[in-house]
Amino acid sequence: GGGATRTTRCGGGGGEAGTAGALRHAREGLGRARAVGAGGPRAGVPGPYAEAQRVRLEGGRRRLLEPRLDMDLEQGCHAEAVSELTALTAAHPLRERLRELLMLALYRSGRQAEALAVYADTRRLLADELGVDPRPGLSELQQRILQADPGLAEPSAPVAEPAVVPVRPAQLPATVPDFTGRASFVRELGEVLSSAEGRVMAVSALAGIGGVGKTTLAVHVAHQARPAFPDGQLYVDLQGAGSRAAEPETVLGSFLRALGTADSAIPDSLEERSALFRSVLDGRRVLVLLDNARDAAQIRPLLPGTEGCAALVTSRVRMVDLAGAHLVDLDVMSPDEALSLFTKIVGEERVASEREAALDVVAACGFLPLAIRIAASRLAARRTWTVSVLAAKLADERRRLDELQAGDLAVKATFELGYGQLEPAQARAFRLLGLADGPDLSLPAAAAMLDLPVEETEDLLECLVDTSLVESAAPGRYRYHDLVRLYARACAERDEWPPSEREAALSRLLDFYLATAAGVYTIERPGDPLADHLETDSTAGLTFADRQAAWDWLYSEAVP
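Analysis parameters
- Residues numbered from 1 in each chain as written.
- Predicted model: local features only at pLDDT ≥ 70, side-chain atom pairs only at ≥ 80, totals over all residues.
- Heavy atoms only, no water.
- Helix = DSSP H or I, 4+ residues; strand = E, 2+ residues; numbered from the N terminus.
- Buried < 20%, exposed > 50% of the residue type's maximum accessible area, 1.4 Å probe, protein only.
- Contact = heavy atoms within 4.5 Å.
- Areas by Shrake-Rupley, 256 points an atom, 1.4 Å probe, with all protein chains shown as cover.
- Core = buried A, V, L, I, M, F, W, Y, C linked by side-chain atoms within 4.5 Å.
- Salt bridge = Lys/Arg side-chain N within 4 Å of Asp/Glu carboxyl O.
- Expected span 1.5 Å × (residues − 1).
- Pairing = 2+ DSSP bridges.
- Axes fitted to C-alpha atoms, helices over the stretch in contact; angles between N-to-C directions.
- Phe/Tyr/Trp six-rings, centres within 6.5 Å; stacked < 30°, edge-to-face > 60°.
- Arc of directions from axis to C-beta.
- Polar contact = N/O pair within 3.5 Å; in protein donor to acceptor, adjacent residues only side chain to side chain.
- Patch = residues over 30% accessible without salt bridge, like charges linked within 9 Å, V, L, I, M, F, W, Y side chains within 5 Å.

**Things to note about the overall build of the protein**
Of regular secondary structure, the protein possesses 25 helices and 10 strands. Taking all 560 residues of the protein together, the buried fraction comes to 45%. In the protein, of all internal contacts separated by at least 6 residues, the share reaching a separation of at least 24 is 71%. Taken as a whole, the protein presents about 27,300 Å² of accessible surface, with 53% of it coming from carbon and sulfur.

The structure is reproduced here in C-alpha cells:
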C-alpha cells in the first residue's frame, strides 16, 4: 500500500524467489476469484432475488480488487496499474484507498507531479462533496512524495530477472505451392546460407522491381535452408516500400519475445535491444528473414552478428552500403519460366491448345511474376474465357495496367509504392523519361530531355536504378521494364503540370537526336548543304572527334 517498501518487477522476482512466487500465485488467485460473478449465468436473470445476488457478488468482487492492486504494486507492476487505477478512480471518485494506490503507482512510474495532482483533486472533491479532509494515510503519502521518501521507491539492489526460456521460433510464411524456376538463384542463395556455420554471419540481400518475386524466392530458399538453422527462423515484413516502415526497436521487441525473453527483461532503447538480441542468439543457429526493407539503416540493428546465424533481406533498394552482404539483383523470369508459371495456374489443358496466345500473355506481362500470376488467376477464375480473350485484353497498352489486377493484387499498386518514395526531382525524371520510345535511353539523351546537366541527370538516374524503378542496361544507358514504362507514362499524364511539359520534353529529345545526326552527316559528307537544313536552335547535339565515333553513336542508337 502507501507504506509499502518492498517491490519487485512485474512478473519477475525480487528478494526471495519464494516470496515473489507466492505473491504471483496470490495475485492470480485473487484475479480468478474476482472473475466469479462477472457476467455469468445470473447476468440475464430478472427479478429481485437475482438482483440481490448480483449486488452481493459485485460487492465481493470490489473487496478483492484493492488487495489485488496492492499486490500489483508489491510486484512492481506500477506502470501497468496506472491505467486501471485511473479508470477505477473515475468510476468510484470517493474511494480514497483507490486514489492512494493511484498516487503510489504514479510516483513509482516517475510521474511525481501527477501523483500530487491526484491528492489535490481528492482533497478538493472530498471538501466539496462531503465537507471532510482526506484520511491521514492519504495525507501522509502526500508528504512522503513531497519529501521523495526512499521508502516509496523500488529497492536499489539488483533484482532477479526471470530466466530466458529458450524457444524455437518458426515464423516463416508458407511457400507458394506453384513456385517456378529461379533455379540458379535458389542454388546461389542456398550456398550462401549454408556457409553460415563457422562464420560470424551470412547476409544475402535481394533487390528488384516490385512484383519480381523477391519475397516468394526468399521464403522458398529459407524453407529449404531450415535444416541448417535448427534453433529457429524469424520473419518480419518491414513495410519498407510504404509510408510507415516498421521501427527497428519494435521489431526487436517482437523477436526477443519470440525467442523466449520476458517483456520485463526487454530494455527500452534500440541499442540495448539490439545488444540483447545478439546476446540471446549467442550459441544458437537462427535464420532471420527481413522482408521488404526500406534501407540498410533499418536492418543493421536487426542483424544477428553471431556465428552460425544468417540473415536474408529483400528490398526494392540495392543494399550497396550494407557491409559484407552478398547482393543479388533479381530480374524478371525467362520466357520458359514465365510460360511454366502461367501453365501451372491456368492448367495444362487450356494452355496446350493456345500456346502462342499464352506466350503473348506472358510477354504482355513483361515476364513479371506478379503480373503473370494476376493474369493467370483471372483466367483460371473465368472458365468461359479462352487464353486468346485474355491476350486481346492485354494487347491494349493503355488498358494493360488496369487489366492486371485481381482482388488485393495489382501491378499498378506495387509500382505506386516505389513512386511514392521518390523525391520531387526524381519523380519528374521518372515520369518524363518514360515518355521516350525505344529499348533504352542514353545519358546525354536523358539530359537533353530533362533539360539538365549530364552530371545531375546521372545522379537522378542512378537513384532510380537503386530503387529498382529503372534498370542500368549498360554504362551510360538506362531502360524501363515495359510495365513500368506504362506506369511512368500514366504518372506523366496524371502528375506532370503543365501538360505542355510532356510535349516540351519530347521536343527536346527529338531536337537532340536531330542535331547529333546532323553532326554525323556533316562528318560523313562535309560541305553537303543538306546539313544546314538539319540544324536546330533549341538543343545542341553531341560532337565527335572522328568518323568512327560518329558511326558508333549511330549504331548504339539504332532501334533493332
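**Notes on the nonpolar core**
With 91 residues, the main nonpolar core has Phe-342, Val-411 and Phe-430 as its most contacted residues. Counting 30 residues, the second largest nonpolar core, distinct from the first, contains Ala-258, Phe-277, Leu-281 and Val-288.

**Considering the pattern of salt bridges**
Enumeration according to the criterion identifies 26 salt bridges in this entry. Measuring nitrogen to oxygen at the nearest pair gives 3.2 Å for the salt bridge that ties Arg-428 to Glu-501. Here the residue Arg-428 occupies a position in helix 19 (residues 424-433), and Glu-501 occupies one in helix 23 (residues 500-524), the gap between them amounting to 73 residues. Linked through salt bridges whose partners overlap, the residues forming this network are Arg-378, Arg-399, Asp-402, Glu-403 and Lys-412.

**Re helix 21 (residues 454-466)**
Its 13 residues place the ends of helix 21 18 Å apart at the C-alpha level, agreeing with the 18 Å of an ideal helix rising 1.5 Å per residue. On its buried face, helix 21 sits against helix 19, helix 20 (443-450), strand 9 (471-474) and strand 10 (477-479). Ser-468 sits one or two residues past helix 21 and shows a positive phi near 70°.

**Some remarks on the sheet that holds strand 5 (residues 326-329)**
Taken in spatial order, the five strands line up as 2-3-4-1-5 in an open sheet, and their pairing is parallel. Where the open sheet ends on each side, the last strands, each with one partner, are strand 2 (233-237) and strand 5. The average undirected angle you get between the axes of adjacent strands in this sheet is 15°. When strand 1 (residues 202-207) meets strand 4 (residues 310-315), the two strands line up parallel, connected through six bridges. Bridging across to strand 4, Val-203 finds its partner in Ala-311. Seen against the sheet, helix 9 (residues 248-258) touches strand 2 and strand 3 (287-293) and runs at an angle of roughly 155° to strand 2.

**Some remarks on the packing of aromatic side chains**
Scanning the entire structure with this criterion turns up 10 aromatic pairs. Here Phe-512 and Tyr-513 contribute two aromatic rings whose centre-to-centre distance is 5.6 Å and whose plane-to-plane angle is 55°, an arrangement assigned as tilted. We classify Phe-512 as buried; its relative accessible area is 2%. Classification of Tyr-513 as partly exposed rests on a relative accessible area of 22%. Through pairs of rings, three or more aromatic residues link up here, namely Phe-415, Tyr-419, Phe-430, Tyr-480 and Tyr-487.

**Some remarks on the pairing of strand 2**
Among the five residues that make up strand 2, four are buried, leaving the element largely enclosed by the rest of the structure. Note that strand 2 and strand 3 share five bridges and pair parallel. Its bridge partner being in strand 3, Leu-234 is matched across the sheet by Val-288.

**Topic: the sheet that holds strand 8 (residues 441-442)**
Spatially, three strands are ordered 8-10-9 in an open sheet, and the strand pairing comes out antiparallel. The strands lining the two open edges of the sheet, one partner per strand, are strand 8 and strand 9. Bridge count between strand 8 and strand 10: two bridges; the pairing is antiparallel. Bridge pairing links Leu-441 to Tyr-478 in strand 10. Along the sheet face, helix 21 touches strand 9 and strand 10 and points at about 45° away from the line of strand 10.

**Points about helix 25 (residues 547-557)**
Buried within helix 25 are the following residues: Ala-550, Trp-553 and Glu-557. Down the axis of helix 25, the smallest arc covering the buried residues is 60°, so these residues share one side. Set apart from the buried face of helix 25 by more than 90 degrees, the exposed residues are Gln-548 and Tyr-555. Packed against the buried residues of helix 25 are strand 8, strand 10 and helix 23. Where helix 25 starts, the residue carrying a side-chain oxygen 3.2 Å from the main-chain nitrogen of Gln-548 turns out to be Asp-546.

**Structural notes on a nonpolar patch on the surface**
Nonpolar side chains collect at one region of the surface, where Leu-94, Leu-130 and Val-132 lie side by side and expose about 250 Å² of accessible area between them. Secondary-structure assignment places Val-132 in the loop between helix 5 (112-129) and helix 6 (136-146).

**A look at unusual backbone geometry**
A cis geometry characterises the amide bond from Trp-497 onward to Pro-498, with omega recorded as 0°. Along the chain, the position of Pro-498 falls in the loop between helix 22 (482-495) and helix 23. Phi at Gln-239 takes a positive value of approximately 55°, unusual for a residue other than glycine. One can find Gln-239 in the loop between strand 2 and helix 9. On the accessibility criterion, Gln-239 (39% relative accessible area) is partly exposed. Even without a glycine there, the phi angle at Ser-468 is positive, about 70°. Tracing the chain through its elements places Ser-468 in the loop between helix 21 and strand 9.

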